[in-house]
Amino acid sequence: MVWFKKDFFSKREKKTLKVPQGLWVKCNHCNEIIYKKEVERNLDVCPKCNYHFRISSRRRIETVLDEGSFVEYDGALEPQDALDFKDLKRYKDRLREAHKKHASKDAFVSGQGLIDGRKVMIGAFEFSFMGGSMGSVVGEKITRLVEHASAERTPLVIFTSSGGARMQEGILSLMQMAKTAAAIARLNEKGIPYISVLTDPTTGGVTASFAMLGDVIVAEPRALIGFAGPRVIQETIRQKLPEGFQRAEYLLEHGMIDMIVERKMMKSTLSLLLSLLAG
Amino acid sequence: MSFKHTRDFDKPIEEIERKIEELRHFSPNGTGAYQEEIRKLEKKAEKLIKDIYSNLTPWQITLVARHPERPYTLDYLNMAFEDFVELHGDRLYRDDPAIVGGLARLDGRPVVVIGQQKGRNTKQRFYRNYGMPHPDGYRKALRLMRLAERFNKPIVTLIDTPGAAPDIEAEERGQSEAIARNLLCMSSLKVPIVSVVIGEGGSGGALAIGVADRVMMMEYSTYSVISPEGCAAILWKDGTKADLAAKALRMSAPELKKLGVIDRIIKEPLGGAHRNPRKAAENLKAALVDALDELSGTQIDRLLDQRYEKFRRIGVFREPGT
């Protein structure tokens, strides 16, 4: 006789682990189940452990600009499949899928707005659009934004969240690193402040170009920031990575960033920095 | 097409080359019974090389670009330049052997040369970290470029790296910042810069010394946003699909020329640079002299505008309503 039937347990387990859809979210850090509205009210930060959830580009911009002040630039720019790239899926199909889910045409939203009444050029990555990867459109939009900042002598703020260069656009993606960095060089010559805000995660070709070139570099708590991703490093050196490796706190300790700022303090910090630099 | 790590397409050629070598051994002074045979085999080899090398797949080109006997930066420094004096260290942390650089003369003209350096045997490969620089290497490169600017010397960079080192030390010392800083500074450096991909142009680690007025590639070199193995591991979820990734990434010299990313392809001797390094060095030298002659006539402000525009226009997108 069988006393312990397998499905008896599996059924029970399923029941106890079920989380109601939509109303509650589980924190990725402390695993607490939290009321979703409460998280949203808290700028998408876990009220229990202060974990900063990834947020969309438009929400990000909303959280730091004066209400209703955002004017979008270059929203019509559309990606093209210049290489006719096909892996397991066609790049064209990946783009089509992404366009179904997103209002934006690519992984970067840019424009102008006000922070406590001060005009800024602002941009933010959309990580959920193909991992926030930088191809021709992202590179072009960033470059144009930087050029606007130069031409109008307006400070620049960019929020990054990206896996790096977009493989499906091959060498064209790589060259966006040179293009954006060159635009920042011209901004520097004019003495216009550029604040780079690194959010979780920022790696690869984005970190290794404009993201690390801010006059002031800010990061959100615990954000993963690096050149190579942790998995690649792990595979290369075949050792366990140290605790906290490539997190914002680790970068601060190693002198790579200026400060770590919590989301609820982001707007006031940017405002203060800009008033000191551009004031 | 099947995936193979070995250059088996090269085997039939290598076999004939070995035979020729053996026969030569028996008739050392170019005389003797085997002369006719040698001539025949040489003809056969030449035809075979032509046939095989004119139909290389993108993956096979990748293997040629990584050929262990391919000339490296220091070989070209010996063959195409004179009076090379190597300069060491970034003045911040250490001297990175994965990047070499210094002063030299090209056809009589003083220049600063910088390039990634791979190792020839196991010990050297380890010492040079397989041509994968740490931040210290990029900072040394930047120091030498600033030196070139101060003394008004043109800069030549030779690119040959699988990529920037992906390890704990590199991250600790700011690999991203080092690469980014080079991109920024090179875009506005007030001397002519010429870059040549001589082997592997691996991603940001290659571009970090590649923001130049003229960018050229040796015929069988590659230049890519990611290695075919890395790309295959991510997109195909299978690193052994590197041959498919190499094709999809369009990383060969003719493809890059077509995309408008490079200015010129430097012809390699029949069967690749490793078959005749001297000839490869001659071709490289001629192309460098051409490029520097062209650039030396341009006013520096114009040169900088042109350099900015050169990278500014790269990218393919659609903008409805314009």
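Everything below is about the structure printed above this text.
Now for a description of the structure that goes with this document.

Reading guide: rules and limits
- Residues numbered from 1 in each chain as written.
- Chains lettered and ligands numbered in written order.
- Predicted model: local features only at pLDDT ≥ 70, side-chain atom pairs only at ≥ 80, totals over all residues.
- Heavy atoms only, no water.
- Helix = DSSP H or I, 4+ residues; strand = E, 2+ residues; numbered from the N terminus.
- Rg over C-alpha atoms; globule rule 2.2 N^0.38 Å.
- Contact = heavy atoms within 4.5 Å.
- Areas by Shrake-Rupley, 256 points an atom, 1.4 Å probe, with all protein chains shown as cover.
- Lys, Arg positive; Asp, Glu negative; His and termini not counted.
- Charge placed at Lys NZ, Arg CZ, Asp CG, Glu CD.
- Phe/Tyr/Trp six-rings, centres within 6.5 Å; stacked < 30°, edge-to-face > 60°.
- Buried < 20%, exposed > 50% of the residue type's maximum accessible area, 1.4 Å probe, protein only.
- Lys NZ or Arg CZ within 6 Å of the ring centre and 35° of its normal.
- Buried area = accessible area lost by both parts, 1.4 Å probe.
- Salt bridge = Lys/Arg side-chain N within 4 Å of Asp/Glu carboxyl O.
- Polar contact = N/O pair within 3.5 Å; in protein donor to acceptor, adjacent residues only side chain to side chain.
- Right-handed = clockwise from strand over helix to strand, strands pointing away.
- Pairing = 2+ DSSP bridges.
- Expected span 1.5 Å × (residues − 1).

**Observations regarding the overall build of chain A**
Argument step 1. Counting its regular elements, chain A contains 10 helices and 10 strands.
Argument step 2. Here the C-alpha radius of gyration of chain A, 21 Å, is about what a compact globule of 279 residues would show, namely 19 Å.
Argument step 3. In terms of principal-axis extent, the alpha carbons of chain A reach across some 85 × 45 × 40 Å.
Argument step 4. Long-range contacts, defined as pairs at least 24 residues apart, comprise 67% of the intrachain contacts of chain A with a sequence gap of at least 6.
Argument step 5. Surface summary for chain A: the accessible area is close to 13,200 Å², and the carbon and sulfur share equals 52%.
Argument step 6. Taking the 42 positively charged and 34 negatively charged side chains of chain A as two groups, their mean positions are separated by 7 Å.

**Details of the packing of aromatic side chains**
Argument step 1. Taken as a whole, this structure holds seven aromatic pairs over all chains when the rule is applied.
Argument step 2. Ring plane angle 80° and centroid distance 5.2 Å describe the contact between F245 of chain A and Y250 of chain A, whose orientation is recorded as edge-to-face. Judged on exposure class, the residue F245 of chain A and its partner Y250 of chain A are both buried.
Argument step 3. Over the face of the ring belonging to Y72 of chain B we find R120 of chain B, whose NZ or CZ atom lies 3.9 Å from the ring centre.

**Quick word on unusual backbone geometry**
Argument step 1. For the bond from D200 of chain A to P201 of chain A, the omega torsion is -15°, close enough to zero to count as cis.
Argument step 2. If you trace the backbone, P201 of chain A turns up in strand β8 (residues 194–202).
Argument step 3. Non-glycine residue D74 of chain A carries a positive phi angle of around 50°.
Argument step 4. Within the secondary structure, D74 of chain A is located in the loop between β3 (71–73) and β4 (78–79).
Argument step 5. You can call D74 of chain A buried: its relative accessible area is 19%.
Argument step 6. Here N129 of chain B, not a glycine, exhibits a phi torsion of approximately 50°, which is positive.
Argument step 7. With respect to the helices and strands, the residue N129 of chain B is situated in the loop between α5 (122–127) and α6 (135–150).

**Quick look at the interface of chain B and chain A**
Argument step 1. Listed by partner, the interface residues are 48 residues for chain B and 60 residues for chain A.
Argument step 2. Carbon and sulfur atoms make up 70% of the surface buried where chain B meets chain A, a total of about 4,800 Å² over both sides.
Argument step 3. The partner of D305 of chain B in a salt bridge is R186 of chain A, with the nearest N and O atoms 3.0 Å apart.
Argument step 4. For the pair chain B and chain A, the number of links is 15 residue pairs in polar contact (both at pLDDT 80 or more).
Argument step 5. For the side of chain B that touches chain A, the secondary structure elements donating two or more residues are α7 (168–172), α8 (175–187), α9 (203–207), β7 (222–224), α10 (228–236), α11 (242–249), α14 (300–312) and β9 (317–318) of chain B.

**A closer look at the environment of V111 of chain B**
All names here are of chain B.
Argument step 1. With respect to the element layout, V111 can be found in strand β3 (residues 109–116).
Argument step 2. V111 sits 41 residues away from N152 along the chain, and the two C-alpha atoms are 9.0 Å apart.
Argument step 3. What V111 contacts, discounting residues up to four positions off in sequence, is F81, G102, L103, A104, L106, K153, P154 and L292.

**Some points on the pattern of salt bridges**
Side-chain pairs of opposite charge can arise whenever the charged atoms involved come near each other.
Argument step 1. This model, assessed by the stated rule, comprises 55 salt bridges over all chains.
Argument step 2. For the salt bridge of R24 of chain B with E42 of chain B, the shortest nitrogen-to-oxygen distance reads 2.3 Å. Here R24 of chain B, found in helix α1 (residues 11–26), pairs with E42 of chain B, found in helix α2 (residues 35–53); they are 18 residues apart in sequence, far enough to count as distant.
Argument step 3. The partly exposed category is assigned to E42 of chain B, whose relative accessible area is 32%.
Argument step 4. Within the structure, one salt-bridge network assembled from shared partners comprises D74, E140, R144, E147 and K179 of chain A together with R312 and E319 of chain B.

**Structural notes on the pairing of strand β7 (residues 156–162) of chain A**
All names here are of chain A.
Argument step 1. With respect to burial, β7 is a largely interior element, seven of its seven residues being buried.
Argument step 2. Burial of the side chains of β7 extends over both faces: L156, I158, T160 and S162 are buried on one face and V157, F159 and S161 on the other.
Argument step 3. Tracing the backbone out of strand β6 (residues 118–125), into helix α5 (residues 136–151) and back to the parallel element β7 gives a crossover that is right-handed.
Argument step 4. The sheet contact formed by β7 and β8 spans six bridges and is parallel. By the bridge assignment, F159 is partnered in β8 with V197.
Argument step 5. Between the parallel elements β7 and β8, the chain passes through helix α6 (residues 170–190) in a crossover that is right-handed.

**Details of the side chain of Q117 of chain B**
Residues and elements named next belong to chain B.
Argument step 1. Following the sequence through the fold, Q117 ends up in the loop between β3 and α5.
Argument step 2. For Q117, the side chain forms a polar contact with the main-chain nitrogen of L74, separated by 2.9 Å.
Argument step 3. Ignoring sequence-local partners within four residues, the contact set of Q117 consists of Y72, T73, L74, P97, A98, V100, R128 and G131.

**As for α8 of chain B**
Side chains of residues three or four places apart in an α-helix project in the same direction, reflecting 3.6 residues per turn.
Residue and element names in this part refer to chain B.
Argument step 1. In a regular helix each residue adds 1.5 Å, so 13 residues correspond to 18 Å; α8 covers 19 Å between its end C-alpha atoms and thus fits that length.
Argument step 2. For α8, a buried count of 12 out of 13 residues is recorded, marking the element as mostly surrounded by other parts of the structure.
Argument step 3. Along α8, the residues classified as buried are Q175, S176, E177, A178, I179, A180, N182, L183, L184, C185, M186 and S187.

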